[in-house]
Structure formats: C-alpha cells, structure tokens
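A structural walkthrough
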Amino acid sequence: MAAPRKFAALSEFLRGYLHQDVTAEYGSAEKALRSFRADADSTQLHRVQADWRKFQHEHQGKTLAETNAVLTGELGSSWAFAGDGELHRFSELLLQPPARTKE
C-alpha cells in the first residue's frame, strides 16, 4: 500500500503541483513537473526522485489504471496519466539529474 507517509516527498509534490487546477495552471503534468524542477532545490528534487524510484519498484507490473488509482487516491494527485507513454515520459523527466547552475 502506498501510504502518503511512506512516500512523503512524492505525495507533497503531487498535491502541490498535480493538483485540481494543474491543467489551468500548467497545461499538463509534464509542464507542472518542469515548474517543480525549476522551483525545487536539489534536496527536494532528490527526495521526490527517491520516492518515485521506490514507488516504481513497488508498483512494477501494475496496470496504468492501478498506478493512476494509487497516485490519484492515496497520494493526492489530481492528474491521471492518459497512457503508458505519457507516464514513461514523465518518469524520465522526473529522474533526470538536476541542471547544472552557472557559478
């Protein structure tokens, strides 16, 4: 079971960026994720990435419908992925290393 406490950083991200106004505010889950990546510090990003990896591992082999049910249920997302391709692109973007900053 994917209790919000178990995936605290992921749940916080989902509730904060993939909320009920995600389409109006960002247009898509990918654009919301890009905004999060721009807003988050490296510690926040790493925590969400770690939770996402753990979530993926624990839900490996689940259908898209089952995955969406957990994300939109227990974890608080308002975004349901339309297909495996969209979920895969989202995952790839989320797991990219942080962009290097100019010093």
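Residues numbered from 1 in each chain as written. Predicted model: local features only at pLDDT ≥ 70, side-chain atom pairs only at ≥ 80, totals over all residues. Heavy atoms only, no water.

1. A word on the pattern of salt bridges
The test is simple: Salt bridge, as used here: a side-chain nitrogen of Lys or Arg that lies within 4 Å of a carboxyl oxygen of Asp or Glu. Only DSSP runs of H or I reaching four residues or more are called helices, and only runs of E reaching two or more are called strands; each is numbered from the N terminus. Remark: exposure states derive from per-residue accessible area (1.4 Å probe, protein chains only) relative to the maximum for the residue type, with buried under 20%, exposed over 50%, and partly exposed in between.
As enumerated under the stated definition, the model contains two salt bridges in all. The salt bridge partner of Lys6 is Glu58, with a shortest N-O separation of 2.9 Å. Remark: Glu58 occurs in helix 4 (residues 42-58) and Lys6 occurs in the segment before helix 1 (8-17); sequence separation between them is 52 residues. The partly exposed category is assigned to Lys6, whose relative accessible area is 35%. A salt bridge links Glu30 to Arg34; the shortest N-O distance between them is 2.9 Å. On the criterion of helical spacing, the pair formed by Glu30 and Arg34 is a turn pair, its members being four residues apart in helix 3 (residues 29-39). A relative accessible area of 32% places Glu30 in the partly exposed class. On the basis of relative accessible area, Arg34 is assigned to the partly exposed category, the value being 47%.

2. Some points on the packing of helix 4 against helix 6 (residues 84-95)
Let me state the cut-off plainly: To get an axis, fit a line to the C-alpha atoms, keeping to the stretch in contact for a helix; angles then go from 0 to 180 degrees between the N-to-C directions. In this scheme, roughly parallel covers angles under 35 degrees and roughly antiparallel covers those over 145, while 65 to 115 is roughly perpendicular and the rest are oblique. In this scheme, a crossing is called left-handed if the near helix is turned counterclockwise away from the far one by less than a right angle; it is called right-handed if the turn is clockwise. Two residues form a contact once any of their heavy atoms are found within 4.5 Å. Any residue that is not Ala, Val, Leu, Ile, Met, Phe, Trp, Tyr, Cys, Pro, Asp, Glu, Lys or Arg is counted as polar, Gly included; the first ten are nonpolar and the last four charged.
Running from N to C, helix 4 and helix 6 point in directions that differ by 140°, and their axes come no closer than 9 Å. For the element pair helix 4 / helix 6, the angle class is oblique. Where helix 4 crosses over helix 6, the handedness of that crossing is left-handed. Residues Leu45, Val48, Gln49, Trp52, Arg53 and Gln56 of helix 4 pack against Leu87, Phe90, Ser91, Leu94 and Leu95 of helix 6. Partitioned by chemical class, the residues of the contact of helix 4 with helix 6 number seven nonpolar, three polar and one charged.

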